[in-house]
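Fold and geometry: a report
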Amino acid sequence: MTEQTFVLPDVGEGLTEAEIVQWRVAPGDSVAVNDVIVEIETAKSLVELPSPYSGTVGELLASEGATVEVGAPIITIGSTGAGTPAPAAPVSVPEPSDPGGAVLVGYGTGGAVSSRRRKPAERPVKASVGVVAKPPIRKLARDLGVDLSAVTPSGPAGEVTRDDVVKHAEQASVFRNIETPAWGAVREETIPVSAPAAPAPVASAPASDAREESIPVRGVRKATANAMTSSAYSAPHVSVWVDVDASRTMELVKRLKASPDFADVKISPLLIMARAVIWALRRTPMINAAWVDTEDGAQISVRHYVNLGIAAATPRGLLVPNIKDAQSMNTRELAKALEHLTLTAREGKTSPADQTGGTFTITNIGVFGVDAGTPIINPGEAGIIALGAIRQKPWVVDGEVRPRWVTTVSGSFDHRVVDGDGISRFIADVASVLEEPALLLD
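As a starting point, this report considers the structure included with it.

The rules we used
- Residues numbered from 1 in each chain as written.
- Predicted model: local features only at pLDDT ≥ 70, side-chain atom pairs only at ≥ 80, totals over all residues.
- Heavy atoms only, no water.
- Helix = DSSP H or I, 4+ residues; strand = E, 2+ residues; numbered from the N terminus.
- Buried < 20%, exposed > 50% of the residue type's maximum accessible area, 1.4 Å probe, protein only.
- Contact = heavy atoms within 4.5 Å.
- Areas by Shrake-Rupley, 256 points an atom, 1.4 Å probe, with all protein chains shown as cover.
- 1 Å grid on protein atoms, 1.4 Å probe; cavity = no way out; pocket = protein on both sides within 12 Å on 5 of 7 lines; lining within 4 Å.
- Points joined across faces, edges and corners; volume = space filled by probe spheres on them.
- Nonpolar A, V, L, I, M, F, W, Y, C, P; charged D, E, K, R; others polar.
- Patch = residues over 30% accessible without salt bridge, like charges linked within 9 Å, V, L, I, M, F, W, Y side chains within 5 Å.
- Salt bridge = Lys/Arg side-chain N within 4 Å of Asp/Glu carboxyl O.
- Pairing = 2+ DSSP bridges.
- Axes fitted to C-alpha atoms, helices over the stretch in contact; angles between N-to-C directions.
- Phe/Tyr/Trp six-rings, centres within 6.5 Å; stacked < 30°, edge-to-face > 60°.

Here we take up the overall build of the protein chain. Scanning the protein chain from N- to C-terminus turns up seven helices and 19 strands. Considering the protein chain as a whole, with its 442 residues, one finds that 38% of them fall into the buried category. If you take every contact in the protein chain between residues at least 6 apart in sequence, the share linking residues at least 24 apart comes to 62%. Accessible surface computed for the protein chain: about 23,800 Å², of which carbon and sulfur atoms make up 54%.

Right, let's get into unusual backbone geometry. The phi dihedral of Asp 325 falls on the positive side, at around 50 degrees, and the residue is not glycine. Among the structural elements, Asp 325 can be located in the loop between β15 (322-323) and α6 (331-346). The backbone of Asp 398 sits at a positive phi, close to 55 degrees, despite the residue not being glycine. Examined against the element boundaries, Asp 398 turns out to sit in the loop between β18 (391-397) and β19 (400-414). Owing to a relative accessible area of 72%, Asp 398 belongs among the exposed residues under this scheme.

Turning our eyes to something else, we now look at the layout of surface pockets. If a probe as big as a water molecule is rolled over the atoms, it shows which places are left empty. Of the voids in this model, the second largest pocket is the one considered here, and its volume is about 280 Å³. Partitioned by chemical class, the residues of the lining of the second largest pocket number nine nonpolar, three polar and four charged.

Attention shifts here to a nonpolar patch on the surface. On the surface, a cluster of nonpolar side chains totalling about 230 Å² of accessible area is made up of Val 367, Phe 368 and Val 370. With respect to the secondary-structure elements, Val 367 resides in the loop between β16 (360-363) and β17 (383-387). Residue classification places Val 367 among the partly exposed residues on the basis of a relative accessible area of 38%.

With that settled, the discussion passes to the sheet that holds strand β6 (residues 55-60). Taken in spatial order, the four strands of this open sheet run β1-β8-β6-β3, and their pairing is antiparallel. At either margin of the open sheet sits one strand with a lone partner, and together these are β1 (2-7) and β3 (30-31). Here two bridges tie β3 to β6, and the two strands are oriented antiparallel to one another. Bridge assignment links Ser 30 to a residue of β6, and that residue is Thr 56.

For the rest of this paragraph, the subject is the sheet that holds strand β4 (residues 36-41). The strands making up a sheet are joined through hydrogen bonds of the backbone, oriented either antiparallel or parallel. On the basis of which strands lie adjacent, the open sheet formed by four strands has the order β5-β4-β2-β7 and antiparallel pairing. Looking at strand neighbours, the two that pair on one side only are β5 (46-50) and β7 (67-69), the edges of this open sheet. Adjacent strand axes in the sheet meet at a mean angle of 40 degrees, parallel and antiparallel pairs treated alike. Here strand β2 (residues 17-23) pairs with β4 via four bridges, running antiparallel. Following the sheet pairing, Gln 22 is matched in β4 by Glu 39.

This paragraph deals with the packing of aromatic side chains. Under the defined criterion, the tally for this structure stands at two aromatic pairs. Seen in terms of ring centroids, Phe 360 and Phe 426 are 5.4 Å apart; in terms of plane orientation they differ by 65 degrees. Their pairing is edge-to-face. Placement of the pair is Phe 360 in strand β16 and Phe 426 in helix α7 (residues 420-435), with a sequence separation of 66 residues. Residue Phe 360 is classed as buried on the basis of its relative accessible area, which comes to 0%. Take Phe 426: its relative accessible area is 0%, and that puts it in the buried class. Centre to centre, the rings of Phe 413 and Phe 426 are 5.9 Å apart; their planes meet at 75 degrees, and the pair counts as edge-to-face. A residue pair is termed long-range when its members are at least 10 positions apart, and Phe 413 in strand β19 and Phe 426 in helix α7 qualify at 13 residues. Each member of the pair, Phe 413 together with Phe 426, is buried. Counting every residue linked through ring pairs, the aromatic cluster contains Phe 360, Phe 413 and Phe 426.

Here's what the structure looks like:
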């Protein structure tokens with residue numbers, strides 16, 4: 001029997017290390033080529049690694065929770081073959097409904113496997129006996145805390161669709177599934193700012209009367225910390241904000257929701273905000289630029305396309321996937337892209353490629369009831385804009401105080417790249433579109 005050693009491969013995007021999340025095999029198990037053997041977490045995504053060999057699992061060389069560098073051995077597999085990897089299966093792009101895991105370049109795709117995400121504790125959801133819905137739709141309903149029996153189905157055969165569940169969930173309060181824990185005995189938590197030099201042994205659960213807890217920084221949290229620190233201490237941030245009468249934006253959203261052309265698309269003020277940002281970037285292209293340090297000196301790279309990033313809070317942490325070439329999309333196409341981006345992020349399936357190459361970012365802090373903020377710029381960009389909560393407030397119109405839908409548009413910008421006049425013009429342009437969406441018709 002020949003023993004093969006499988007090392008941690010580079011799955012792309014400049015991977016240097018990854019955390020072993022869960023082994024799918026144990027010593028003595030039989031595996032075939034393309035069977036998923038381990039789930040790893042990189043700085044950007046969860047990835048399932050298939051086996052390049054067939055045979056019997058020998059030794060697991062890295063424990064769950066350990067951080068392993070690319071090229072380090074992670075498992076041995078005993079094979080009766082000639083000692084060379086089996087030929088890779090053709091790589092194919094799975095359909096959106098394909099339950100298969102991520103593709104490891106050069107090793108082929110695996111068969112249907114269980115979900116690659118660690119399952120959160122299920123929320124109590126009422127039974128939905130008699131409701132017609134596919135298993136993935138039922139799982140999405142459980143994750144969002146939606147009672148399927150209360151959802152109006154729109155499918156051709158009377159079944160509940162994904163859009164039905166999402167729309168029903170968004171009608172409730174944004175805080176409906178966020179439990180507020182009572183104050184406990186723990187007064188302070190310490191979070192290390194760097195990962196340990198060597199994998200530490202798995203710590204036992206803290207005692208119930210523990211006053212402190214240490215949480216290792218790894219994965220998405222580590223990548224986010226590095227990126228935000230680099231941006232905050234390298235790019236001189238300048239922040240501006242303006243209050244906006246968004247009543248006509250709310251009217252447009254209402255009309256689009258009632259339009260048959262948008263019946264199958266999620267419509268929200270974020271869609272109009274995205275259109276406004278794209279329009280304003282075309283009028284002030286330096287906002288869509290980036291500061292680049294080279295051996296020959298600093299340069300400013302001006303992008304004449306818009307890869308629009310949308311900051312998304314996910315169970316794995318902050319992700320900023322982006323919509324490629326958003327400037328070439330019409331309103332319906334942009335709405336579909338935003339919907340797909342949101343659902344993919346919620347399900348933890350955002351690919352590394354969707355998180356790179358962004359040129360400008362929107363963060364929708366209004367969904368949390370927040371009015372404004374001073375967000376940190378995503379590295380490689382020159383600005384980020386925040387859409388605040390849209391509330392009815394008294395507003396002076398033609399000399400009279402009237403109730404209007406008012407929001408605050410705020411943002412942060414790299415002062416090395418763009419001056420105050422350009423920043424002010426950009427924010428004013430975005431505000432103008434929210435006040436009068438008809439400007440988008442020019």
